[in-house]
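# Analysis of the macromolecular model
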Amino acid sequence: NAFVRTHWRKSLVLTVVVWNLLFALAPRIPLDSRPPIDTSMLPRSELFLLGGIGYLHRGCDYFANLVLTCACAVVYTIHILLPFLFLGFLWFRDRNKIVRFAFVFGAMNLAAVLTQLMHPTAPPWYLEKYGMAAASYSMSGDPARLRTVDEFFNIGFYKKTYGHLSDCLWLVPQYAWRVASSAMYFPCASRTLDVAVRRVC
């Protein structure tokens, strides 16, 4: 009905606008108002998942080669376009679900940014460079293994992209994971939200 359609449109605007505003304004939050960056949560989680025998991200070292690194770099670079590609898929498959997917995606990213603001965590490359020493919001980012691609092609793309940014704040939950999971779980989430909206309305 018309009320449900209006409800989704307003929710879409609210989630997407607030999410992007929070993300854009986060660097302007005074340092004394921010929580300390947790540098131990990810390493401890990896140790727990592997039963204490090592760090999960270091398992990639056993399969590291230039071809695989370049392939991963391509996927990682274009992942920001995946929501738009999925919207294109929905356009041809079921246009009625476009607004609902945008709402689910916006709500998930809004929750993610709030989580990152309340409990910022350091990425794997931080552990390799600094261990579990205290992190600072003034630290620059790092391209990590993507540096290999820069060096091979002599382009400096990833160094320029990540080197001047402080991405310690934005690890968990990561955007690349959110993009993939939102597309994968959307059919189930859409049915659940349908039931919820009908009960509320």
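Residues numbered from 1 in each chain as written. Predicted model: local features only at pLDDT ≥ 70, side-chain atom pairs only at ≥ 80, totals over all residues. Heavy atoms only, no water.

### Describing the overall build of the protein chain
Each helix and strand counted, the protein chain has nine helices and zero strands in total. Each helix and strand of the protein chain, ordered N terminal to C terminal, gives the series α-α-α-α-α-α-α-α-α. Restricting to contacts in the protein chain with at least 6 residues of sequence separation, those with at least 24 account for 78%. With an accessible surface of roughly 12,900 Å², the protein chain has 68% of that area assigned to carbon and sulfur atoms. (Helix = DSSP H or I, 4+ residues; strand = E, 2+ residues; numbered from the N terminus. Contact = heavy atoms within 4.5 Å. Areas by Shrake-Rupley, 256 points an atom, 1.4 Å probe, with all protein chains shown as cover.)

### Observations regarding helix H3 (residues 66-78)
Across its 13 residues, H3 extends 18 Å between first and last C-alpha, which sits within 8% of the 18 Å expected from 1.5 Å per residue. Among the residues of H3, those classed as buried are Thr69, Cys70 and Ala73. The arc that holds the buried residues of H3, viewed along the axis, is 100 degrees, so those residues lie on one side. Away from its buried face by more than 90 degrees, H3 exposes Val67 and Val75. On its buried face, H3 is in contact with helix H7 (147-153) and helix H8 (157-163). N-capping of H3 is provided by Asn65, with a side-chain oxygen placed 3.1 Å from the backbone N of Val67. (Expected span 1.5 Å × (residues − 1). Buried < 20%, exposed > 50% of the residue type's maximum accessible area, 1.4 Å probe, protein only. Arc of directions from axis to C-beta. Polar contact = N/O pair within 3.5 Å; in protein donor to acceptor, adjacent residues only side chain to side chain.)

### Quick word on a nonpolar patch on the surface
Together, Val74, Ile78, Ile80, Leu81, Leu82, Phe84 and Leu85 make up a nonpolar patch on the protein surface, roughly 680 Å² of accessible area in all. Breaking the nonpolar patch down by element, the ones donating at least two residues are H3 and helix H4 (82-93). Element by element, the count of residues in the nonpolar patch is highest for H4, at three residues. The residue Phe84 is located in helix H4 in this model. (Patch = residues over 30% accessible without salt bridge, like charges linked within 9 Å, V, L, I, M, F, W, Y side chains within 5 Å. Salt bridge = Lys/Arg side-chain N within 4 Å of Asp/Glu carboxyl O.)

### Brief notes about the pattern of salt bridges
Under the definition given, this model contains two salt bridges. Ionic pairing is found between Lys129 and Asp142, a salt bridge with its closest N-O pair at 3.1 Å. Placement of the pair is Lys129 in helix H6 (residues 124-130) and Asp142 in the loop between H6 and H7, with a sequence separation of 13 residues. Residue Lys129 is classed as partly exposed on the basis of its relative accessible area of 46%. With relative accessibility at 9%, the residue Asp142 sits in the buried group. We note a salt bridge from Arg147 to Asp142, for which the minimum N-O separation is 3.0 Å. What makes Arg147 partly exposed here is its relative accessible area of 34%. Each of Lys129, Asp142 and Arg147 takes part in one network of salt bridges that share partners.

### Quick notes on the packing of H4 against helix H5 (residues 98-118)
Think of two packed helices as two axes; the pair is described by the angle between the axes and how far apart they sit. Running from amino to carboxyl end, H4 crosses H5 at an angle of 155 degrees, the nearest separation of the two axes being 9 Å. Taken together, the axis directions place H4 and H5 in an arrangement best described as roughly antiparallel. The handedness of the crossing between H4 and H5 comes out as right-handed. Counted together, Pro83, Phe86, Leu87, Leu90 and Trp91 of H4 and Ile98, Phe101 and Phe105 of H5 form the full contact between these two elements. Classifying every residue of the contact of H4 with H5 by side-chain character gives eight nonpolar, no polar and no charged. (Axes fitted to C-alpha atoms, helices over the stretch in contact; angles between N-to-C directions. Parallel < 35°, antiparallel > 145°, perpendicular 65-115°, else oblique. Left-handed = near helix turned anticlockwise from the far one by under 90°. Nonpolar A, V, L, I, M, F, W, Y, C, P; charged D, E, K, R; others polar.)

### Structural notes on the nonpolar core
By size, the foremost hydrophobic cluster in this structure holds ten residues: Trp19, Ala26, Phe86, Leu90, Ile98, Phe101, Phe105, Leu110, Val113 and Leu117. Those elements that place two or more of their residues in this core are H4 and H5. When residues in this core are grouped by element, the largest group, six residues, is from H5. Among residues more than four places away in sequence, those in contact with Ile98 are Leu87, Leu90 and Trp91. In this structure, Cys70, Ala73, Leu146 and Val149 belong to the second largest nonpolar core, which totals six residues. (Core = buried A, V, L, I, M, F, W, Y, C linked by side-chain atoms within 4.5 Å.)

### Things to note about unusual backbone geometry
Phi at Ala144 is positive, roughly 55 degrees, even though this residue is not glycine. Mapping Ala144 onto the fold places it in the loop between H6 and H7. One non-glycine residue, Asn154, adopts positive backbone phi at about 55 degrees. Within the fold, Asn154 resides in the loop between H7 and H8.

These values are about where atoms sit, not about what they do.
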